Structures are given as C-alpha cells and as structure tokens.
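Here is how the chains run, residue by residue.
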Amino acid sequence: IGHYGNSSTAADLADWAGVSVGSVELCTKWTMIAILSLHDEMISPPTDEEKAEAKRWVKKQVCEAWENGYLSVDGTTFNLFQKPGHHGETFFDRKSNYSLSAQITTLPHNLKIVDYGLGHTGSVHDLSAFCDTAIYQTPEKFFTAGEWLWGDSAYPVSPTCVLPFKRVPNQALTRQQRHFNYHLSRVQIRSKHAIGLLKIRFQSLKELCIQINCSQQIDYAISWIRCCFILHNFIIRIEGQDHNSRNNINRDWQLELDELLADGIEDVGDDNGKDMPVNLP
C-alpha cells in the first residue's frame, strides 16, 4: 500500500521476506480483510465533538456566519497502470489516463474522511459520482437544519451544498462574487489537501498495479482503495494530528503535495458553464 513502482511487486516483497509469492498474496488479502472489518468504526458521520471542532476551525478561517459549513467535498481519480481488459474504454478519463473515480468528503480541520463514493470509472463526471454518495442520498445523517458542505462548481446546487460563483460566457464576476469565491476556497481547498495527503501516504494510489479483466478485479481494486481510506482515518485517530499546519508535513512530502494540488486546482469545476451562482443558505 505504501509503495509506488517496481518495489511494490509481490516478487520483490517475497524476496525481501524470504517467502513465496503466493504467501505474499495471501497475507495481503488477509490483511485487507482485517482492515476492512474496521470500516464502520473508522469511516462514519462526524460526532457532535468533531462537528464542533470543525465549525471552530471554519469560524477562525473565514467568519462566524459560515461556521455551519463544516464539511468539504472533492473528486479525484486513481490511475491504473494499464488499460483494463473489462470495458476498458469507460475507464479513460479527461486527463488521458485509465482510472477509477472517487468522491471524498472530509472534515477541514483534521482532513478526516467522513464519507466517500467509489465504483465509478474515470470517465464519469463528479456530479454523477457524487449523486451516488451517502451524503447526497441521506443528508439527514450528516446535517441538521442550517448546515452544509462546500464544493466546487462541478457539484449540484442544494440547501446542503454551497458552491462558488461561476463566470458565465461574456460576463465577468463582480467584486463581491470574487470575494465570496476567495473565502470559500479557503475551506474547500482542504479536500484537496486531504486527497494529496492520502496519495502521499499510500503511494500505491498514484498508480494501481492491479489488472482489471473482470468485475471481481474491479471489486478488489475498490477494496484496496477503501483500505487506504480506513488507514488514513486510523492514523488521524492514533496520531491526533492537526494538518492545518504545513509544519506537520515534512519538506519532501510538502513539495509533492504542492505538485498534486497545482495539478488538481487547474481542473476544478465543470467546463460547460451551466452552473449558476448560489448564495449562502
């Protein structure tokens, strides 16, 4: 899970441990089963204490009126090392990679994942993928009256999802709209921080070395990603780190995170220009 490249092959691990390749594969599957058994404990709607901490962070970053926007959502893709043999064209994304799509909802103060969506191929738009998440289908599990999450312009406008103003063709944003977008980005960018930290911690997510030639192998790839999500939250629980400070990430990791963020920020939002401005609830 923590390797990227040739050093992650089962044969190399077998040589290092002095066991057979089959033993490495079996141990990997047993370990994944153990990790997946912790899923509901590690990934769940935030507690009242976590809500309060997130709201205090948002209030400090922007203003008191926005503190009820205590969650942030963003989409990402997990590249595959080769074209899948099972409906391979559907995995081809807008960055010309073969990938799996994911939607990740996080708490901004500690980057903990509270909800996610997996299973869509890389060609699926964030809007479609988000509509299959628990936070979209059952918002009452995450929000009380007046609470919402922050998203970018690719997401649907709703009472529980606040988006930035998007420039329509031949019309510039007003100063107030740009000001709104700037402060919104200070909270919404935390989703990109969470995704960047996830891919830095678990290097295998940069390029999944899993052959996909049938639906069972898709399920295996999804389980692999899900294990990384669980371990990400487990680390946050054990270490109790506040990832608001750049000092909590070593210099090499920060350079890599900045590169990932720069790549992601260029692709924020939808390009069809149909999203309409939305006001705070």
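The rules we used
- Residues numbered from 1 in each chain as written.
- Predicted model: local features only at pLDDT ≥ 70, side-chain atom pairs only at ≥ 80, totals over all residues.
- Heavy atoms only, no water.
- UniProt positions renumbered as here; feature names shortened; annotations may be inferred.
- Helix = DSSP H or I, 4+ residues; strand = E, 2+ residues; numbered from the N terminus.
- Buried < 20%, exposed > 50% of the residue type's maximum accessible area, 1.4 Å probe, protein only.
- Areas by Shrake-Rupley, 256 points an atom, 1.4 Å probe, with all protein chains shown as cover.
- Lys, Arg positive; Asp, Glu negative; His and termini not counted.
- Salt bridge = Lys/Arg side-chain N within 4 Å of Asp/Glu carboxyl O.
- Contact = heavy atoms within 4.5 Å.

For the chain, an unreviewed UniProt entry supplies the name DDE Tnp4 domain-containing protein and the organism Serpula lacrymans var. lacrymans. You can read under Cofactor (unreviewed entry) in the UniProt record for the chain the words "a divalent metal cation".

Some points on the overall build of the chain
The helix and strand inventory of the chain stands at nine helices and five strands. Ordered by position from the N terminus, the helices and strands of the chain form the series α-α-α-α-β-β-β-α-α-β-β-α-α-α. Sorting the 281 residues of the chain into buried and exposed places 44% on the buried side. With the model as given, the accessible surface of the chain reaches about 14,500 Å², and the carbon-plus-sulfur share is 51%.

A few points about the side chain of D115
One can find D115 in strand β3 (residues 113-121). Lacking a salt bridge, the buried D115 has K141 as its closest oppositely charged neighbour, with an N-O distance of 8.9 Å. In this structure D115 touches I43, Q103, I104, T105, T133, A134, I135 and F142, once residues within four positions along its chain are discounted.

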